[in-house]
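Breakdown of the fold
The lines below spell out each chain.
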4 protein chains.
Amino acid sequence: MVGGGEGAFIGNVHRIAARLDDEWSLVAGALSSDAARARSSAAALRLDPERSYTDFTEMARREAERHRVSGDGIDAVAIVTPNHLHAPVAHAFLDAGIDVICDKPLALTLDEGRLLATKARDTGRFFGVTYNYSGYPMVRRARALVRDGRLGALRAIQVEYAQDWLGEAIEAAGHKQAAWRTDPALSGHAGCLGDIGTHAYHLACFVTGLTARSVSAELSTFVAGRQVDDHVQAMLRFDHGVRGTLWASQVASGAANGLRLRVHGDRASLEFDQQRPDELLLRDQGGDETRLRRGRTPAGPTEHLRLPGGHPEGFIEAFAQLYRDAAQVIRARRSGDAAPAAAADLSTVDDGVRGLAFVAATLRSSAASGQWTPIEADR
Amino acid sequence: MVGGGEGAFIGNVHRIAARLDDEWSLVAGALSSDAARARSSAAALRLDPERSYTDFTEMARREAERHRVSGDGIDAVAIVTPNHLHAPVAHAFLDAGIDVICDKPLALTLDEGRLLATKARDTGRFFGVTYNYSGYPMVRRARALVRDGRLGALRAIQVEYAQDWLGEAIEAAGHKQAAWRTDPALSGHAGCLGDIGTHAYHLACFVTGLTARSVSAELSTFVAGRQVDDHVQAMLRFDHGVRGTLWASQVASGAANGLRLRVHGDRASLEFDQQRPDELLLRDQGGDETRLRRGRTPAGPTEHLRLPGGHPEGFIEAFAQLYRDAAQVIRARRSGDAAPAAAADLSTVDDGVRGLAFVAATLRSSAASGQWTPIEADR
Amino acid sequence: MVGGGEGAFIGNVHRIAARLDDEWSLVAGALSSDAARARSSAAALRLDPERSYTDFTEMARREAERHRVSGDGIDAVAIVTPNHLHAPVAHAFLDAGIDVICDKPLALTLDEGRLLATKARDTGRFFGVTYNYSGYPMVRRARALVRDGRLGALRAIQVEYAQDWLGEAIEAAGHKQAAWRTDPALSGHAGCLGDIGTHAYHLACFVTGLTARSVSAELSTFVAGRQVDDHVQAMLRFDHGVRGTLWASQVASGAANGLRLRVHGDRASLEFDQQRPDELLLRDQGGDETRLRRGRTPAGPTEHLRLPGGHPEGFIEAFAQLYRDAAQVIRARRSGDAAPAAAADLSTVDDGVRGLAFVAATLRSSAASGQWTPIEADR
Amino acid sequence: MVGGGEGAFIGNVHRIAARLDDEWSLVAGALSSDAARARSSAAALRLDPERSYTDFTEMARREAERHRVSGDGIDAVAIVTPNHLHAPVAHAFLDAGIDVICDKPLALTLDEGRLLATKARDTGRFFGVTYNYSGYPMVRRARALVRDGRLGALRAIQVEYAQDWLGEAIEAAGHKQAAWRTDPALSGHAGCLGDIGTHAYHLACFVTGLTARSVSAELSTFVAGRQVDDHVQAMLRFDHGVRGTLWASQVASGAANGLRLRVHGDRASLEFDQQRPDELLLRDQGGDETRLRRGRTPAGPTEHLRLPGGHPEGFIEAFAQLYRDAAQVIRARRSGDAAPAAAADLSTVDDGVRGLAFVAATLRSSAASGQWTPIEADR
């Protein structure tokens, strides 16, 4: 693991989630670029001091060497640093021939992301990106329902992600998470857009199997002194004439972590709210509403993995799903087996690039007074 | 009443709502332009045959004459015809010196609406427009909460109105309501936009006390062969930097009559869903969510009028509120009293014009590829 | 109408509901036993002073006479007095040969109720009892689902009715409604049990088509100084081994008017909450949950009478349904036609007696320390 | 760990939950009494084969010896066997001087439970019972709200636990979990009552701080051929005149794991539904309803341990809380420190005995036709 030293939020989530299903254990880390903090963090996690590094390039080199020499180097690196380091760290490990699991966003810019995708392709390494909300069983079920035609021909998508934790200028008051997330140097030029807008966009694409072709957007910054946007509203044109709206806000009073997706087809629509992740609403054209619940029949393949229906699962389990899927895929690659079904649901470096293309186009559209702006196709 | 003959939906609602609080009774009508249908409709409602007309201009003239001669002409006319007749009928009654209560939209075009507003001003008649959703007690409470600063400085508005009854081409299959609502000659060039988008827009303005200055919109028509839009997505710029999104659809599978408003301020946000009209959600910045319920303390002035809390009220009562308010206002005008409090909550011809300005700008923006288009200020 | 003078809650509801569907109009009344209040109430409602009475026996006599002489006596009397007058008034009108629509409870005691049932049978008059919650379209749908076997063989019923308006000793503070409802002389020995427990019991029987055979109950009085129970908990044994629990409380903090029914069969269960009366939840054994909504397909016969789905209906409409049904039934009786379908859903004097039998058995069981006590079968 | 071999449900939950917060790791086990299954289960979990036992008494003896000899014996045993082994295993480890964490129920009978409580007291060992639902942060908050008087003087409690997984005779069709849970020899004479009724009872006591003094109950068995009850309805008399109802069913069609508690005081009431564990509803007498959400202010002490508000936690985290609390308490005992705050929220052998006393009294009451039966006080 690179990043995730003491006090980090998402690093700890990755660590707990990765081992939840006994697929991964943490054996090495560059947990902090601060030597003392790296050391104490490693000690708290009972890492072998030999494998606690302060420099991620050294870690890449030494773990690759271990592989060659004793065959016990890490199976993959998990990158959980602030955003600006995602790409440099990923490059280092790809160069060392080590598989990568990287938090989103892939990089600070679309160009940077593309370079990484090229490198991943060229090195042939596994490269997963942890769009964690795609790990929820009911999100998987939603995707399957769309794919199987249960909704009919798609017409419109509404996706939103509302939080209120940046409703005040807490970055100016010493809140660490807020500070790096609102600092363009560490987080990129997209604030709310990059932090949660991309999750919303990915969720919409993941469930529908569609990609947006162009965007008309307006970014706003409501909190005085803030250097990045904290509020995003956008309209989207997806493949096949599907229309969409996206709203993301970190100043939406009273919202905790309100990621919500609605997809409308000509036969039915569905709704997912990540604050009630064990449920999925399905509404028939002209008809009634069914609340599908995880673990009840007819259930999808990931719904019975851990707990029966009615025993609530949450954020950790969704994250764990990604790590479980990654382990299966990596195992299959190494043994030369065909890719497991899970491979189809894993987000990769290409999805990461798509997220960056969405961010770039949205920034440009907003700067151009909402002009419809193409989201650059993959090259 | 003009319009509302047998089989009409909204005419019957007006009739029942108007008398609910014993403020109005139906004594005359031009219920249909078809003489036989006018007659049979009038008979079914036990109207005096003398006061059942087939021609609304005749009705205006004769009822005005009654006023002069015997003092028992109608107190006001309720206009519940298809949209294209709203303005002609209103002109006729204003010209005859009779107060008007008109269903929305005011007219088919902004210019037509402005002429009507001028006429209303010049004649000095009362002119109410029945934006019925503003009659819900909890919408009134929402408006009071915003006005009293409970939400703090407003930042963003999300409003949506989703239905699915036009999800298929039922107008081609002989569905009468669908036929006139999708016929530009009878309903105007705005389809879903005019029919329900305007309700959504009005609700947002009514609750927040704001007006949108410009709009960036995209209209779509999903059902083949349909001549008007059936799906609207738009971004709005309101007064004081408040941002907004509006989504209206009549092809949203599974949606019955989903008018929903969310308003975010820097202290709190609120949410109203007209399908649960006795409730209002209030969410505090960084805090919890309160479900305010009609008729519980602290309650607003219109909440205890008919039924105690927990005894559900609905659509009819909201409509009735407008008729009750109109009666009070008209009574005060005639007796020379100061306008009652209810006057502040009644929508008038000027609100009707604002709705038409919104429609006109939205049509223009969509035609101009979503360009931000000013919503013309009142003249 | 007998009762329902100025300031009365339920009388006004009856009046508005009765005319909602244009089936009834109020033409005569003994609105109060206080002559001045009777007069002013009648005037406010524009009753013919000739037909405003202070004595209900006089009203019965004079209206019967009108029938004989001029054929324009009332079609039926609506009894909306406090409970202790229900039976005497009903007797008077039955004796005069006039059909009766009576608020629940039928009488103060089971014996009194039986006398009334006998009288109704002997006189051959129509006798409806307004268990208003059975008028909701989704309650009708629930009943049809059970009857049609959608739930399979029934196993268990949970019914509850929670309010908080008697959470404090407001009867001692001059609250009129509270005063007569907690006074055994006016309301009977059952407090909460008679006022709302009977509604809960009726709803359970109405939807399931079952009757309870015995009850084990515990009544409590939480508010000091109160002379009747304000809290009821009971277990029930229904026909065919079906088990049930009933909880009713008027001291349940935070509850407005929480009447809620759940019925479990071996194939599915259903849930109805009168505070969301346009919905009905259906849950399949081992499966998911469907939220049935009024006016969506497949819909029951009473769902489309007034407003389309998504346009909320409420308490008034449910009450109106009973008056509409009664009008149909009375019309058919007079014309010698077969009873209309509505007749099957109307509660009659026999249902009223069943409610009193439930009350009597529950009082006895509670007094006998919860002993299982038979609910006397109809004689 | 004793029990929890391959295919076990709750054993795996204990294992994952115990390590979630890095307080415990699994180092030894008697995972199955079947030697081969014990071995393969241990191997799958990478247990040291030296510390994989087939006989729990041997495990107790050898681990105690390890303690004496090398100081690396287990810190505590987790007992996750079928019910009939809970007591024998606990005795073995207490005798060996090892702290115990035991799944509920403590034992098959009240007498057996009391012997165990005596043994625990005499040996001075720590003895925790995993009533897991008391680990939810919002259950802890509920308990604090009651304790702090937010609800006022308590009046009534409604608790229910509804499942449908035993709605059919799946025990006869080879379903293992169902088989042992409906076999009196393995599970005790109480079926649904012991399995989930006790959870409901414990939750009510835990949140309110009260104990029931007597019970009037009716057990039913709806599925033909079943040897134990599958449906429980009961009335309860708690301390201080508080009244209660309890309903538990494993044949409630459509219910997944519906554990729900409502507590009514004279100032407010609260409601907790374990299927939405991050929420708690608080309703004020005569007022509105607040939805308290985990991790929002004002928050309780356990709400911020793992994930911020809006990031759903679930069943695993609640279980983990008990293991975290137990670790803290055990650590404090060993270091001679004062008991940490967590100690107050941990359920012990005495709570286990209280649960058995409830079961015993409920069985007796049901057998005695619902007679109010005292729940024996602790001795």
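Owing to the predicted nature of the structure, the values given are computational and were not obtained by experimental measurement. Every residue gets a number counted from 1 within its own chain, in the order that chain's sequence is written. In the order they appear in the text, chains get letters beginning with A and ligands get numbers beginning with 1. For a predicted model such as this one, the threshold for reporting local features is a pLDDT of at least 70, and the threshold for listing and counting side-chain atom pairs is 80 or more; totals across whole chains, interfaces and linings nevertheless cover every residue. By convention in this description, side-chain values take in all heavy atoms of the structure and omit both hydrogens and water.

**Some remarks on the relation of the copies chain B and chain A**
The operation linking the two copies of the chain is a rotation about an axis combined with a translation along the axis. For clarity, the cut-off: Here the copies are matched by least squares. The fit uses the C-alpha atoms of residues with pLDDT of at least 70 in both. By definition, residues are in contact when any of their heavy atoms lie within 4.5 Å.
For the pair chain B and chain A, the relating rotation is 180°, the translation along its axis is 0.0 Å, and the fit reaches an RMSD of 0.0 Å. Look at the turn and shift together and you get a two-fold axis relating the two. Residues of chain B ranked by C-alpha distance from the rotation axis are headed by Gln371 of chain B, positioned 3.4 Å from it. Looking at chain B, 100% of its interface residues are interface residues in chain A too, so the copies touch through the same face.

**So, the UniProt feature "domain: Gfo/Idh/MocA-like oxidoreductase N-terminal" (unreviewed entry) in chain A**
Applicable threshold: UniProt positions are given in the numbering used here, feature names are shortened, and annotations may be inferred rather than shown by experiment. Strands are runs of DSSP state E lasting at least two residues, helices are runs of H or I lasting at least four, and both sets are numbered from the N terminus onward.
According to UniProt, the feature "domain: Gfo/Idh/MocA-like oxidoreductase N-terminal" (unreviewed entry) maps to residues 7–130 of chain A in the numbering used here. Counted over residues 7–130 of chain A, helix gives 48% and strand 9%. Its end C-alpha atoms are 20 Å apart.

**Re the nonpolar core**
Across soluble globular proteins, nonpolar side chains have a tendency to be buried as a group. Quick reminder of the rule: By nonpolar core is meant a set of buried Ala, Val, Leu, Ile, Met, Phe, Trp, Tyr and Cys residues that side-chain atoms within 4.5 Å join together. Throughout this description, buried means an accessible area under 20% of the type-specific maximum (1.4 Å probe, protein chains only), exposed means over 50%, and partly exposed covers the range between.
Phe93 and Phe127 of chain B together with Phe93 and Phe127 of chain C are the most contacted members of the largest nonpolar core, which totals 219 residues. Residues within four places of Phe93 of chain B in sequence aside, it is in contact with Val2, Phe56, Met59, Ala60, Ile74, Val77, Ile98 and Val100 of chain B.

**Quick look at unusual backbone geometry**
Cis rather than trans, the peptide bond between Lys104 of chain A and Pro105 of chain A has omega equal to -5°. Take Pro105 of chain A: it is sitting in the loop between strand 2 (99–102) and helix 5 (110–123). Located in the positive-phi region is Asp22 of chain D, a residue other than glycine, with phi close to 60°. On the secondary structure map, Asp22 of chain D appears in the loop between helix 1 (10–20) and helix 2 (35–44). Residue classification places Asp22 of chain D among the partly exposed positions, given a relative accessible area of 27%.

**Quick word on the packing of aromatic side chains**
Residue and element names in this part refer to chain A. Applicable threshold: Whether two aromatic rings pair depends on their centres lying within 6.5 Å, for rings of Phe, Tyr and Trp, where Trp uses its six-membered ring; planes under 30 degrees apart make the pair stacked, over 60 edge-to-face, and the rest tilted.
For the coordinates displayed, the defined rule picks out 28 aromatic pairs over all chains. Judged by centre distance (6.0 Å) and plane angle (65°), the ring pair of Tyr133 and Phe315 falls under edge-to-face. On the criterion of sequence distance, the pair formed by Tyr133 in the loop between strand 3 (127–129) and helix 6 (137–147) and Phe315 in helix 10 (residues 315–335) is long-range, its members being 182 residues apart. Owing to a relative accessible area of 4%, Tyr133 belongs among the buried residues under this scheme. Residue classification places Phe315 among the buried positions, given a relative accessible area of 2%.

**Let's talk about the pairing of strand 9 (residues 268–273) of chain C**
Residue and element names in this part refer to chain C. Operational definition: Should DSSP find at least two bridges between two strands, the strands are regarded as paired.
Along strand 9, 5 of the 6 residues are buried, which leaves the element largely enclosed by surrounding structure. What sits between strand 8 (residues 258–265) and strand 9 in their antiparallel hairpin is a turn of 2 residues. Bridge count between strand 9 and strand 10 (residues 279–284): 4 bridges; the pairing is antiparallel. Directly across from Ala268, in strand 10, lies its bridge partner Asp284. The turn linking strand 9 back onto strand 10 is made up of 5 residues.

**With respect to the pattern of salt bridges**
Heads up, the rule is: The working definition used for a salt bridge is a side-chain nitrogen of Lys or Arg within 4 Å of a carboxyl oxygen of Asp or Glu.
In this structure the tally under the stated criterion is 156 salt bridges over all chains. Between Glu279 of chain B and Arg276 of chain C there is a salt bridge, with the nearest N and O atoms lying 3.0 Å from each other. Taken together, the residues span two chains, with Glu279 of chain B in strand 10 (residues 279–284) and Arg276 of chain C in the loop between strand 9 and strand 10. A relative accessible area of 14% places Glu279 of chain B in the buried class. Looking at Arg276 of chain C, the relative accessible area reads 26%, which means it is partly exposed. The closest approach of N and O atoms between Arg66 of chain D and Asp72 of chain D, which form a salt bridge, is 3.1 Å. The partly exposed category is assigned to Asp72 of chain D, whose relative accessible area is 32%. Where salt bridges share partners, they join Glu160, Arg260, Glu271, Arg283 and Glu289 of chain A, Arg262 and Arg276 of chain B together with Glu279 and Arg291 of chain C into one cluster.

**Section: the packing of helix 5 (residues 110–123) of chain B against helix 11 (residues 349–367) of chain B**
Residue and element names in this part refer to chain B. Applicable threshold: Axis angles are defined between N-to-C directions and span 0 to 180 degrees, where every axis is a line fitted to C-alpha atoms and, for a helix, only to the segment in contact. Oblique is the label for any angle not covered by the other classes, which are roughly parallel (under 35 degrees), roughly antiparallel (over 145) and roughly perpendicular (65 to 115). If you view the pair so one helix is near and one far, a crossing is left-handed when the near helix is turned anticlockwise from the far one by less than a right angle, and right-handed when it is turned clockwise. Only Asp, Glu, Lys and Arg are considered charged in this grouping, and only Ala, Val, Leu, Ile, Met, Phe, Trp, Tyr, Cys and Pro are considered nonpolar; every other residue, Gly among them, is considered polar.
As a packed pair, helix 5 and helix 11 sit with axes 9 Å apart at the nearest point and diverge in direction by 165°. The angle between helix 5 and helix 11 places the two elements in the roughly antiparallel class. The two elements helix 5 and helix 11 cross, and the hand of that crossing is left-handed. Of the residues in helix 11, those in contact with Leu110, Gly113, Arg114, Leu116, Ala117, Ala120 and Arg121 of helix 5 are Val349, Asp350, Val353, Leu356, Ala357 and Ala360. For the contact of helix 5 with helix 11, the residue count by class is 9 nonpolar, 1 polar and 3 charged.

**Details of the interface of chain B and chain C**
The figure often quoted for interface size is the accessible area lost as the parts come together. Selection rule: Here's the idea: put two parts together, see how much 1.4 Å probe accessible area each one loses, and the total over both is what we call buried area. Polar contact is the term for a pair of N or O atoms within 3.5 Å; when the atoms are in protein, one must be able to donate a hydrogen and the other to accept it, and sequence-neighboring residues count only if both atoms are side-chain atoms.
Taken together, the contacts link 34 residues of chain B with 34 residues of chain C. Between chain B and chain C, a total of about 2,600 Å² is buried, with carbon and sulfur atoms accounting for 48% of that surface. For the pair chain B and chain C, the interface holds 19 residue pairs in polar contact (both at pLDDT 80 or more). Looking at the side of chain B that touches chain C, the elements with two or more residues in it are helix 1 (10–20), strand 11 (289–293) and helix 10 (315–335) of chain B. The element that contributes the greatest number of residues to the side of chain B that touches chain C is helix 1 of chain B, accounting for 5 residues.

**Focus on helix 1 of chain D**
In terms of residue burial, helix 1 of chain D counts as a mostly covered element, since 10 of its 11 residues are buried. Listed as buried for helix 1 of chain D are Ile10, Gly11, Val13, His14, Arg15, Ile16, Ala17, Ala18, Arg19 and Leu20 of chain D. On its buried face, helix 1 of chain D is in contact with helix 1 (10–20) of chain A together with strand 2 (99–103), strand 3 (127–130) and helix 10 (315–335) of chain D.

**Quick notes on the relation of the copies chain B and chain C**
For the pair chain B and chain C, the best superposition has an RMSD of 0.0 Å and corresponds to a rotation of 180° with a translation of 0.0 Å parallel to the axis. The residues that chain B uses at the interface reappear at the interface of chain C in 100% of cases, marking a shared surface.

**What about the sheet that holds strand 1 (residues 76–79) of chain C?**
Residue and element names in this part refer to chain C. Overall, parallel pairing links the 3 strands, which are arranged 1-2-3 in an open sheet. If you trace the sheet from one side to the other, it starts and ends with strand 1 and strand 3 (127–130), each paired once. Strand after strand, the sheet turns through a mean of 15° between neighbouring axes, direction not considered. Looking at chain direction, strand 1 and strand 2 (residues 99–103) are connected through 4 bridges and run parallel. In the strand pairing of strand 2, Ala76 is matched with Asp99.

**A short note on the interface of chain B and chain A**
Each partner contributes residues to the interface: chain B has 44 residues there, and chain A has 44 residues. A combined buried area of about 3,200 Å² lies between chain B and chain A, and 46% of that area is made up of carbon and sulfur atoms. A salt bridge links Glu218 of chain A to Arg237 of chain B, with the shortest nitrogen-to-oxygen separation between them at 2.5 Å. For the pair chain B and chain A, the interface holds 21 residue pairs in polar contact (both at pLDDT 80 or more). At the level of secondary structure, the elements contributing two or more residues to the side of chain B that touches chain A comprise strand 4 (154–162), strand 5 (212–220), strand 6 (231–238), strand 7 (243–249), strand 8 (258–265), strand 9 (268–273) and strand 10 of chain B. Among the elements that line the side of chain B that touches chain A, the one with the most residues is strand 6 of chain B, at 6 residues. A class-by-class count of the residues in the side of chain B that touches chain A yields 12 nonpolar, 19 polar and 13 charged.

**Re the state of the cysteines**
Short version of the rule: Count a disulfide wherever a pair of cysteine sulfur atoms falls within 2.5 Å.
Evaluated as defined, the whole model comprises 0 disulfides over all chains. In this structure Cys192 of chain A is not part of a disulfide, and its nearest cysteine sulfur, from Cys205 of chain A, lies 17 Å away. Cys192 of chain A sits in the buried class, given a relative accessible area of 0%. Lacking any disulfide linkage, Cys102 of chain D is separated from the closest cysteine sulfur, that of Cys205 of chain D, by 19 Å.

**Side note on the UniProt feature "domain: GFO/IDH/MocA-like oxidoreductase" (unreviewed entry) in chain A**
What UniProt calls "domain: GFO/IDH/MocA-like oxidoreductase" (unreviewed entry) maps, in this numbering, to residues 139–271 of chain A. Taken end to end, residues 139–271 of chain A has its terminal C-alpha atoms 10 Å apart, with 27% of it in helix and 34% in strand.

**A short note on the side chain of His86 of chain C**
All names here are of chain C. Relative to the elements of secondary structure, His86 occurs in helix 4 (residues 86–95). Engagement of the side chain of His86 in a polar contact is seen with the backbone oxygen of Asp103, the distance being 3.4 Å. If near-sequence neighbours (up to four positions away) are discounted, His86 is found in contact with Ile79, Thr81, Cys102, Asp103, Lys104, Pro105 and Leu106.

**Here we look at the environment of Asn257 of chain D**
As for its position among the elements, Asn257 of chain D is in the loop between strand 7 (243–249) and strand 8 (258–265). On the basis of relative accessible area, Asn257 of chain D is assigned to the buried category, the value being 0%. Remark: the alpha-carbon pair of Asn257 of chain D and Trp165 of chain D, spanning 92 residues in sequence, is separated by 9.1 Å. Setting aside residues up to four positions removed in sequence, Asn257 of chain D forms contacts with Gly309, Gly310 and His311 of chain A together with Tyr133, Tyr161, Ala162, Gln163, Gln274 and Gln275 of chain D. Of note is the side chain of Asn257 of chain D, whose polar atom sits 3.2 Å from the side chain of Tyr133 of chain D.

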